[in-house]
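Structure assessment
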Amino acid sequence: MNLNTRKLSTLLVALLGTTLLAPVYADAATAAAQAPQHTSAQQAKQTPQLPKDLKWISNSDLPLFASPNAKRGGTLNLYVPSYPLTMRTIGPDANTAFRSYLLDGHPNLLGIHPNTLQPYPELAEQWAFGKDNKTMYFRLDPKAKWSDGVPITADDYAFLFEYVTNKNVHAPFYNNYYTKKVTGLTIYDKYTIALHSSDALPEAQLIDRINLQPKPRHFFKHGIGKNYIREYNWKAEPTTGAFYVSALKKGRTVELSHVKDWWGYHNRYLKNRFNVDKIRFSVIRDPDLAYRYFEKGELDVFNINSQKLWFDKTNSEPFRKGYIVKSMVNNEVSMGPAGLFLNMVDPVLKNAELREGVAYATNFDSVIKHVRHGEARRQNGFGTLVGAYSTPKNIGVKPFSPVEAKKHFAKAGYTKLGSDGLLYNAKGQPLQVTLTYLSPRSTADVIILKEQAKKAGLDIELKLVDSSTGFKSLLEKKFQMAYLSMSSSLYPAYRQYFHSSNVVPQTNNFFSFADPEMDKLIKKFDEASTVEEQVKQSNKIQRMVMASNCFIPGTVSQFARAAHWRYVRLPEKVGTAQSRYLFDESTLDLGLMWIDTDMKRDVLAAKSEGRTFPKITHLSTQVIGQ
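Residues numbered from 1 in each chain as written. Predicted model: local features only at pLDDT ≥ 70, side-chain atom pairs only at ≥ 80, totals over all residues. Heavy atoms only, no water.

- In the nomenclature of an unreviewed UniProt entry, the chain is known as Putative peptide ABC transporter substrate-binding protein of Vibrio ezurae NBRC 102218.

Things to note about the overall build of the chain
- Along its length, the chain carries 17 helices and 25 strands.
- A globule of 626 residues ought to have a C-alpha radius of gyration of about 25 Å, and the chain, at 25 Å, matches this closely.
- Projected onto the principal axes, the alpha-carbon positions of the chain cover approximately 80 × 70 × 45 Å.
- Every one of the 626 residues in the chain was classed for burial, and the buried ones make up 61%.
- Taking the contacts inside the chain whose residues are at least 6 apart along the sequence as the reference set, 74% of them involve residues at least 24 apart.
- Accessible surface computed for the chain: about 24,000 Å², of which carbon and sulfur atoms make up 50%.
- A distance of 2 Å separates the average location of the 80 positive side-chain charges in the chain from that of its 58 negative side-chain charges. (Helix = DSSP H or I, 4+ residues; strand = E, 2+ residues; numbered from the N terminus. Rg over C-alpha atoms; globule rule 2.2 N^0.38 Å. Buried < 20%, exposed > 50% of the residue type's maximum accessible area, 1.4 Å probe, protein only. Contact = heavy atoms within 4.5 Å. Areas by Shrake-Rupley, 256 points an atom, 1.4 Å probe, with all protein chains shown as cover. Lys, Arg positive; Asp, Glu negative; His and termini not counted. Charge placed at Lys NZ, Arg CZ, Asp CG, Glu CD.)

Observations regarding the nonpolar core
- Phe498 and Phe511 are the most contacted members of the largest nonpolar core, which has 131 residues in total.
- Among the elements that make up this core, the one with the highest residue count is helix H2 (residues 154-164) (eight residues).
- Among the nonpolar cores identified, the runner-up in size contains 30 residues, and Leu435, Val446, Leu449 and Ile460 belong to it. (Core = buried A, V, L, I, M, F, W, Y, C linked by side-chain atoms within 4.5 Å.)

Regarding the packing of aromatic side chains
- Per the stated rule, a full pass over the model turns up 44 aromatic pairs.
- Centroid distance Tyr137 to Tyr188: 6.2 Å. Interplanar angle 45 degrees. Geometry classified as tilted. Taken together, the positions of Tyr137 in strand S5 (residues 135-140) and Tyr188 in strand S6 (residues 182-189) put the pair 51 residues apart, joining distant regions of the chain. There is no split in this pair, since Tyr137 and Tyr188 are both buried. (Phe/Tyr/Trp six-rings, centres within 6.5 Å; stacked < 30°, edge-to-face > 60°.)

Some remarks on the sheet that holds strand S1 (residues 75-80)
- With mixed pairing, the four strands of this open sheet are ordered in space as S1-S10-S9-S8. Only two strands of the sheet have a single neighbouring strand rather than two, namely S1 and strand S8 (243-249). With strand direction ignored, the average angle separating the axes of adjacent strands in the sheet is 20 degrees.
- Two elements, S8 and strand S9 (residues 253-258), share six bridges in a ladder whose sense is antiparallel. Bridge pairing in S9 links Phe243 to His258. (Pairing = 2+ DSSP bridges. Axes fitted to C-alpha atoms, helices over the stretch in contact; angles between N-to-C directions.)

Quick look at the environment of Lys477
- Structurally, Lys477 is set in the loop between helix H13 (467-475) and strand S19 (481-485).
- Accessibility expressed as a relative area gives 13% for Lys477, which makes it buried.
- When the C-alpha positions of Lys477 and Phe159 are compared, they lie 31 Å apart, and in sequence the two are 318 residues distant.
- In contact with Lys477, not counting residues within four places along its chain, are Asn343, Asn502, Val504, Pro505, Gln506, Thr507, Asn509, Phe510 and Ser512.
- A polar contact of 2.8 Å, which involves the side chain of Lys477, links it to the backbone oxygen of Val504. (Polar contact = N/O pair within 3.5 Å; in protein donor to acceptor, adjacent residues only side chain to side chain.)

Quick notes on the domain arrangement of the chain
- The domain boundaries assigned to the chain delineate domain 1 (56-258), domain 2 (286-332 + 558-620) and domain 3 (338-491 + 502-514).
- In this structure, domain 2 and domain 3 have C-alpha centres spaced 33 Å apart.
- Between domain 2 and domain 3, the contact holds 13 residues from the first and eleven residues from the second.
- Approximately 980 Å² of surface area, both sides summed, lies buried where domain 2 meets domain 3, with 49% of it carried by carbon and sulfur atoms.
- When the buried area of domain 2 at its contact with domain 3 is split by residue, Pro287, Gln307 and Gln558 rank highest and sum to 45% of it.
- In this structure, the connection of domain 2 to domain 3 is made through one salt bridge.
- With a closest N to O distance of 2.8 Å, Glu375 and Arg561 form a salt bridge.
- At the boundary of domain 2 and domain 3, one finds three residue pairs in polar contact (both at pLDDT 80 or more).
- Looking at the side of domain 2 that touches domain 3, the elements that each hand over two or more residues are strand S11 (301-303), helix H7 (307-312) and strand S22 (559-565).
- By residue number, the principal contributor to the side of domain 2 that touches domain 3 is H7, which donates four residues. (Domains from an automatic or database assignment. Buried area = accessible area lost by both parts, 1.4 Å probe. Salt bridge = Lys/Arg side-chain N within 4 Å of Asp/Glu carboxyl O.)

Concerning helix H6 (residues 287-296)
- Burial in H6 covers these residues: Pro287, Ala290, Tyr291, Phe294 and Glu295. When H6 is viewed along its axis, its buried side chains cluster within an angular range of 145 degrees and face the same direction.
- The backbone nitrogen of Asp288 lies 2.9 Å from a side-chain oxygen of the residue at the head of H6, namely Asp286.
- Positive phi appears at Gly297, one or two residues downstream of H6, with a value of about 95 degrees. (Arc of directions from axis to C-beta.)

A short note on the confidence of the model for the chain
- When the pLDDT values of the chain are averaged, the result is 90; 93% of them are 70 or greater.
- Considering only residues more than four positions removed or in separate chains, one finds that residues 1-44, a stretch of pLDDT under 50, has 205 contacts. (pLDDT = per-residue confidence, 0-100.)

Section: the UniProt feature "domain: Solute-binding protein family" (unreviewed entry) in the chain
- In the numbering used here, UniProt assigns the feature "domain: Solute-binding protein family" (unreviewed entry) to residues 118-494.
- Taken end to end, residues 118-494 is 26% helix and 23% strand, and its first and last C-alpha atoms sit 23 Å apart. (UniProt positions renumbered as here; feature names shortened; annotations may be inferred.)

A look at the sheet that holds strand S12 (residues 324-330)
- Ordered in space as S11-S22-S12-S25, the four strands form an open sheet in which the pairing is mixed. Single-partner strands in this sheet number two, and they are S11 and strand S25 (617-621). Going across the sheet, the axis of each strand differs from the next one's by a mean of 15 degrees, ignoring polarity.
- By the bridge criterion, seven bridges tie S12 to S22 in an arrangement that is antiparallel. Looking at the pairing, Lys326 lines up with Ala563 of S22.

Here it is as C-alpha cells:
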C-alpha cells in the first residue's frame, strides 16, 4: 500500500484513506508551456510528444521491507464490528474503514517506502518530473493487470477522471478536487501518461497530490447512469492488487481471495507481501465477544493497541501456553486527528463561546492517566505529523480548566448552577451536548470525559452507535459532537476538512466549517512551492482550527501492536516506521504478515495434546531513515 492513499480515507475509530484527485482532461489552452497540451479523450489520439529531456526515475535499489521468509497460503480470519454499507469505493456511504480492502490498500502509480519515505514503482515502472513543478510523467508497467486479468492501461486513467466528475457518482469532494487541484491528464501511448497539478509543488508533495489509482473502464460497460448508486452498491470492482472480493453474505461475512498469478510479484517491492490465499471477515458487533472468539482460535489476530487489552487481557491460558503471542513496534507513524469533532451549525454548538467552554471542560489528561496507563500523550493540534510538518507546541490547545470553561459558558448564557451540578440558561435549559461515539472500545474514554465535564457544569450525553451508520451520520452532518479518529497522509490535508466548498453532505468537513479567511489560508497552503512556505501556512491553519474550537485534540500513541496465534508470522523487525496495523486487521496496510500452515498444524496439535510453547512478546523500534 502507498502511504499517501490514506490522505482522503476515513476510518472508524482507526480510520484510513486515498489520494484520488481531479477532473477528466483540462482544456488545451491551460496546459503549461513546458508540458504537452492537455487533451480531450478524442484529441488524445493525436499522440502528443514527450519532452526529450526527461530524467526517468525507477528507484530500483531501495531496501526491502518484506520478509524473504514469507510463505504463501492459508486463510486469515478477521472480524468487522459492522457490515459495510456498500462495495462501491466512491460516493454515498463508501468512505469507510473497509474501503482500504477494496481500494486504498492496493497499488497506486507509486508506493512510498514506509522507512525511507522515498517513492518506489508500483503501477508505474518509471516516473519523471516536469520543469514546471506541476507535471509528472509515468511509464505504466505493461505487466500490471486488474484482478480479473484485464491489462491496466492509460485509458483506465482517462476513465478515472470521467468517473469522479460524473454527477451520478454523487462525490462532491472528488468532483471539486479533480477540477481544482489535479487539472488534467495527457496520454502519450497505451502505457505512458502525464498528470498535471494546478500548483507548482515540491517533488514529494507533488507525488502526494497526483499519485492516483485508475478506474476499470471495462467493468462499467454501460457507463455511469442515473441508477449507478443502486446498481453498483454490492458490485465490487476489480482491484489493482493481490485481493478481490470473491464472496458476500450480506450482514454476515465478506471474503477476499488472492489473485491467481498476481502480476505484482515480478516487482521486487511487492514480493513476499499480501501472502494469504483468503481473508474472511465476520461481523461481530461486540469487541469483547470478538476477543473471546479470538482466544478460541476462530479469529487469527486481534488488534490490542488498547492498553486495557495489552496489559490486562493477555494472561489467559492460550497466552500462558504460548499458543497466542504478542507483537509490538514503536515507530514514527503519522497520525490523523483524534478527539472531539464539533458540528458548528448545530443550534447549541454554533455559539463560539460555548465551544470554547467545551474545549476547556474536556479532560484528556485524565483519559491518558486512567485508561491509557500513561502510554499516550495529548495531540498537539489537528493530527500528529512527522518531520517538518510537526505542529509547534504553542498552537493553542486548551488545557482542562473548569474555571475557564465556566467563564465561557457564562458568556454563552449559562450562568445559573443547578442542584444537579449543571449550568442552566435563562430559559431553564441545562447545558447539555450529545457525544456520538462509534465503538464500545471508546466507552471508558467517554465516561471519563463525561465525569470530568460535569465539574464545569456541562452534561455530556453519551450515544454509542454502529460504526458504519454512525459515520454516515457524520458525513451527513447529523450529529452534535463526535469522538473518533481519522487517518493521515504524510502531509497535511486541510482542504477536505475545512474548505467551505466541502460544506455539503458526504465530505469530511464534519464541522461545517466555512470561513473566507480559512479558504485563503488553504489556497496559500495548496499553492506553496516550498516546504517552508507550506509549513508556515500549515501552522496558521492549525492556530485557526484551535481558535475555532471545532476540534478538541484527544490522545495519540505512536506504535502498532497486536496479539496473534503463533502460526501467524511477521518479519524479523515486526513492522515499519509507518506501520499502523501489523496484520492488516483493521485496514489493508502493507501486507507483511503470513500464515505458516505447517506451524499451524503443529500449534493446533499441541493445543489438542496439551503441549506448550514458550511465552513470547516480539518488540521492535523502527524510525524514519532506517
